[in-house]
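This is what each chain is made of:
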Amino acid sequence: RAGSWDDEDPMDTSSGGLRGFMRRLAGQGQDEGKPVRTHSISKAHRSASRDSFRGAGLGGFDGLGGFDDMGKRRSNGERDPGRSKLGATMVATVVGLGVIVTVLTLGADNHSTFSLKHSSTTAITSSTPQSISQTPTNLATDSASNSASRSVDADAGNGGSVQPHANPTMSHAHSKANGLSHAHPTMMHVNTHSKHGGNANQDQEREKKRKGSTVASDQGSLSLLLSISNDYTNQGESNTGEGYSHITVGRVVEPMRETTLAMSLADESGSDLSTCYWLIEQASGTAGVVNGAYTYSEDVVEPEGVSVVHTFAAPATYSVSVTCTDADSGFHTLSTSVECVYVRRELRDLSSADLTSFLDTFAVMMETSTKEGRKTYGANYRSLDYYVRLHLKGAGSRNADQIHDGMGVLTQHATMTSDFELSMQTVAPSLSVPYWDYTIDSAAFKVEDKGDASVFFESEFWVSNFGSTSSRKHSIDSGRFADQQVSLASEDDEVKSPYGFLRAPWNLNPSSSVTRFHKMCGLNPRAAYAWPTCENHYALTFQQKTWYDWVWTVSYLPHGPVHAWIGGMGGTCDGADLSDWLESSYEQKVKLNMFGVLKNMWRIEMIEMPKFCSEGSECTVQCVKDSNKFVHKFTAQLKGFGGVPDDIMGNFTEAAIMDMADRLLCGKQLYPGDHLEAASPVEASFWPIHPTLDRLYQYKTLVDPFHGTAWDVTVMDDGDDHAHKFCELDSDSDCLGHHPGDLTVGTSVVRQSSGAYTLETVSNAEALAAVTPGSGYTMPYVYQNFKWAHCTSSTSGAVAFPSVGDAAAFR
């Protein structure tokens, strides 16, 4: 443990130095294995320790390429996976305190074995480096006492080579007459039961007593296991990272979250570990980084104890090497790696502390400007208004929506959420943005309330986290977001409302308060906007076979109604009466979709809004009636959103159609709630919505991959007869934001080849590759799981989402 010996005389018999280390290995003066918190040792200190070690006349370790080579990095700053944490191929014999210590390590991979035995003899056992390197998978040393030989199989069946992120190789270390036994794929066994004053027969007798059965000379090996836990796993969370090829289940840790690392002996041997010595070090992402998303450290952490508590600093791969002694002076070592990633969890699966932290951090971003926040939280902090402006500019342009109604909807929101998540982490470093599986809610009120989501906004979950809504003012009237305000736009903002707020240009809301209606022009949204169900998400996954069909579907029914139910539509449309012309069913459909009529008529320049509305004034929609297109365009809206058939519309004169426009639109003050317009990020409940789509996409690629992945609609051939398009407004715009090569409006945190995460501007195609599980996945987060247990009950529709583990069989 080159980093553990301090700068004292290494042969000193005190707690420091080599002899102190040996005394600790022998179990003298040990603690009781209580969890201890970790500390770090800098590379400079570690180097000084090595120099002190060499200065004691033990430079032979350097000559064998051992401690001197420990931790060498490639020129690009990434750790060489060909070198283990405990060094390259090395054999050394040290005589002291009446024990012989034989150290064997293999540098063939990043999972090493390390064995030590004690003997009463004073003969020196040695071997040559050449003999070891020539036989890396059949390595043995024999002690002069002729006790059980030790043999190490670095990685049986894999040629001594372990792929990155593979399960730790744990090999048998006992001799056999006809060669080595094969290694268990996930366990390292080291035979270490020789003891002071004993011989081979006595060792076997001890092993008999420990195991309670007859033990042959080549059996009785012990299995060293690493367990990793935190507050979530302690509450039953398991298999985090399942489905991600770069993740080994059971080897996942989270940034800035206290994590308990514990060692144990797997078999029921009756022997307990006395203590363990750890080396924890970041193994990727430590090279020079530009636009770095996280702070990385090259310090080595060296805790001691069978169980230790450690906090990993940032997303990266970390190497973990641990050496343990047992009660019978056995010596066991494990070298492995763990992947540190953020875990996105469902809102209701968050701990109380994490849910509170998410909401409180949102409040900090709401109240703290980017300029002021960076003084406190660093360069990656951005205020809530920054993201409102970003979304507003992308979605609020006159002739284009770069974020919605097109093929960029998933990637545009995924990158923006990634950027937002990083800003939150500058305030609360352990946070990740949760996802909101709204099918859980629909499953609950599907039967109890016949699909009416209105009751949801009176539920404890909604009110306690996002606040209740005033039925009179339509503002938030309780909780931490009570009377939340919408910011005024600056002179530099190109997109703003007529009242000067950071809202869409077609929004005539005079109130500065965040507004929610939970209704559409006074009507219950249920008839037009059924809350997304398990069946909707199942159909999205298994009925949409191409990327094109999937991304066009995901924009609407699988998530859109959530925005509609929260935001709603208000103003004077509540009292609009079209009964003189239309049947009740058509009239209701038009009013339920009034937010779309308003936005579309503004986009096609058939209505205008006042340039400026002063506080307290009543601004209204100005229809462009002198255009010969007005009647035609308004008729198209009634057909499209109201479902009014051609034969009925054909019965109306132009004057009648103009009268309908006056009754519904012209001269009226209309406005959507903030969740249903271009400034929707102002609401805290906005942010967990789109990670749900990201999770569904990832699940789709794992269990039922797309048959066609083409994004370029000009070359698409998926068997459909209808014309393909990049966006809904393809006739009025160039669909900026929806082509594969178009840059996303926000930046995204992505992993570079060095392993470091940086904040980058990416294209839609790059963003999609980054969130696709597999070799190209470069995001710093994974999802908690891909399970929908609530969907299997008959009340929720009884659809069974196959697990990612069953994906191959399902296909």
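First, a word on what this report is: a plain description of the structure on this page. (Residues numbered from 1 in each chain as written. Predicted model: local features only at pLDDT ≥ 70, side-chain atom pairs only at ≥ 80, totals over all residues. Heavy atoms only, no water.)

### Focus on the layout of surface pockets
1) Next: Here the largest pocket is characterised by a volume of approximately 1,100 Å³.
2) Next: Along the wall of the largest pocket there are 44 residues; nearest its centre are Asp405, Tyr556, Phe595, Gly596 and Lys599.
3) Next: Classifying every residue of the lining of the largest pocket gives 18 nonpolar, 16 polar and 10 charged. (1 Å grid on protein atoms, 1.4 Å probe; cavity = no way out; pocket = protein on both sides within 12 Å on 5 of 7 lines; lining within 4 Å. Points joined across faces, edges and corners; volume = space filled by probe spheres on them. Nonpolar A, V, L, I, M, F, W, Y, C, P; charged D, E, K, R; others polar.)

### Quick word on the pairing of strand β13 (residues 307–310)
1) Next: Residues Ser307 and Val309 of β13 are buried on one face, and the alternating residues Val308 and His310, pointing to the opposite face, are buried as well.
2) Next: As paired strands, strand β10 (residues 259–265) and β13 are joined by 4 bridges and run antiparallel to one another. Bridged to Thr259 within β13 is His310. (Buried < 20%, exposed > 50% of the residue type's maximum accessible area, 1.4 Å probe, protein only. Helix = DSSP H or I, 4+ residues; strand = E, 2+ residues; numbered from the N terminus. Pairing = 2+ DSSP bridges.)

### Some remarks on the nonpolar core
1) Next: Core analysis: the biggest nonpolar cluster contains 176 residues, and Met263, Trp436, Trp531, Trp547, Trp550, Phe634 and Leu665 have the highest contact counts within it.
2) Next: Per-element accounting of this core gives the leading share, 7 residues, to helix α20 (residues 689–703).
3) Next: Aside from chain neighbours lying at most four places away, what touches Phe634 is Met601, Ile657, Met660, Ala661, Leu664 and Leu665. (Core = buried A, V, L, I, M, F, W, Y, C linked by side-chain atoms within 4.5 Å. Contact = heavy atoms within 4.5 Å.)

### Thoughts on helix α19 (residues 654–664)
Owing to its 3.6 residues per turn, the α-helix aligns residues three or four sequence positions apart on the same side.
1) Next: Inspection of α19 places Ala656, Ile657, Met658, Met660, Ala661 and Leu664 among the buried residues, and these make up the whole buried set.
2) Next: The inward-facing, buried residues of α19 contact α15 (584–592), α16 (594–603), α17 (630–642), α18 (646–649) and β20 (670–672).

### With respect to empty space enclosed by the protein
1) Next: Tallied over the full model, the rule gives 8 cavities of 30 Å³ or more.
2) Next: What the second largest cavity holds in volume is close to 70 Å³.
3) Next: In terms of lining residues, the second largest cavity is bounded by Arg344, Val409, Leu410, His413, Ala414, Thr417, His690, Pro691, Leu693, Asp694 and Tyr783.
4) Next: Among the secondary structure elements, those contributing two or more residues to the lining of the second largest cavity are α9 (409–427) and α20.
5) Next: Residue composition of the lining of the second largest cavity, grouped by class: 6 nonpolar, 3 polar and 2 charged.

### Quick look at the state of the cysteines
Structurally, a disulfide amounts to a covalent bond that connects the sulfur atoms of two cysteines.
1) Next: Under the criterion given, the structure shown has 6 disulfides.
2) Next: Across the disulfide, Cys534 is cross-linked to Cys791 (sulfur-sulfur distance 2.1 Å). Its torsion about the S-S bond being -80°, the disulfide of Cys534 and Cys791 is classed as left-handed. Residue Cys534 is located in helix α12 (residues 534–542), and its partner Cys791 is located in the loop between β23 (781–783) and α22 (807–810); the two are separated by 257 residues in the primary sequence. An identical accessibility class is assigned to Cys534 and Cys791; each is buried.
3) Next: A sulfur-sulfur distance of 2.0 Å marks the disulfide that ties Cys727 to Cys735. The sign of the S-S torsion, about -80°, decides the handedness of the disulfide formed by Cys727 and Cys735: left-handed.
4) Next: Of the residues examined, Cys735 reaches a relative accessible area of 4% and is grouped as buried.
5) Next: Sequential numbering of the bridged cysteines in the chain gives the disulfide pattern 1-2, 3-5, 4-12, 6-7, 8-9, 10-11. (Disulfide = S-S within 2.5 Å.)

### So, the pattern of salt bridges
1) Next: Evaluation of the coordinates by the stated rule reveals 22 salt bridges.
2) Next: Measuring nitrogen to oxygen at the nearest pair gives 3.7 Å for the salt bridge that ties Asp694 to Arg344. Residue Asp694 is located in helix α20, and its partner Arg344 is located in strand β16 (residues 342–344); the two are separated by 350 residues in the primary sequence.
3) Next: Taking relative accessible area as the criterion, Arg344 reaches 2% and is therefore assigned buried. (Salt bridge = Lys/Arg side-chain N within 4 Å of Asp/Glu carboxyl O.)

### Some thoughts on the packing of aromatic side chains
How two aromatic rings sit relative to each other is set out by the distance from centre to centre and by the angle between their planes.
1) Next: Tallied over the entire structure, the rule returns 48 aromatic pairs.
2) Next: Where Tyr529 meets Phe595, the ring centres are 6.3 Å apart and the plane angle is 55°; that geometry is what we call tilted. Pair noted here: Tyr529 is in the loop between α11 (460–466) and α12 and Phe595 is in helix α16, with a separation of 66 residues, a long-range link. Each member of the pair, Tyr529 together with Phe595, is buried.
3) Next: With a centroid separation of 6.4 Å and an interplanar angle of 55°, the aromatic rings of Tyr548 and Trp552 are classed as tilted. Placement of both Tyr548 and Trp552 in helix α13 (residues 547–554) is noted, with a separation of 4 residues, approximately one turn of the helix.
4) Next: Here Trp552 falls in the buried class, since its relative accessible area comes to 12%.
5) Next: In this arrangement the basic side chain of Arg344 is found over the ring face of Tyr781, its NZ or CZ atom lying 3.6 Å from the centre.
6) Next: Across the ring face of Phe501, the terminal group of Arg503 is positioned such that the distance to the ring centre comes to 5.4 Å. (Phe/Tyr/Trp six-rings, centres within 6.5 Å; stacked < 30°, edge-to-face > 60°. Lys NZ or Arg CZ within 6 Å of the ring centre and 35° of its normal.)

### Thoughts on unusual backbone geometry
1) Next: Its identity as a non-glycine residue notwithstanding, Asp483 has a phi of 55°, on the positive side.
2) Next: Counting through the fold element by element, Asp483 comes out in the loop between α11 and α12.
3) Next: Judged by its relative accessible area of 44%, Asp483 is partly exposed.
4) Next: Unusually for a residue other than glycine, Cys521 sits at a positive phi of about 50°.

By themselves, these are just geometric observations and shouldn't be taken as functional.
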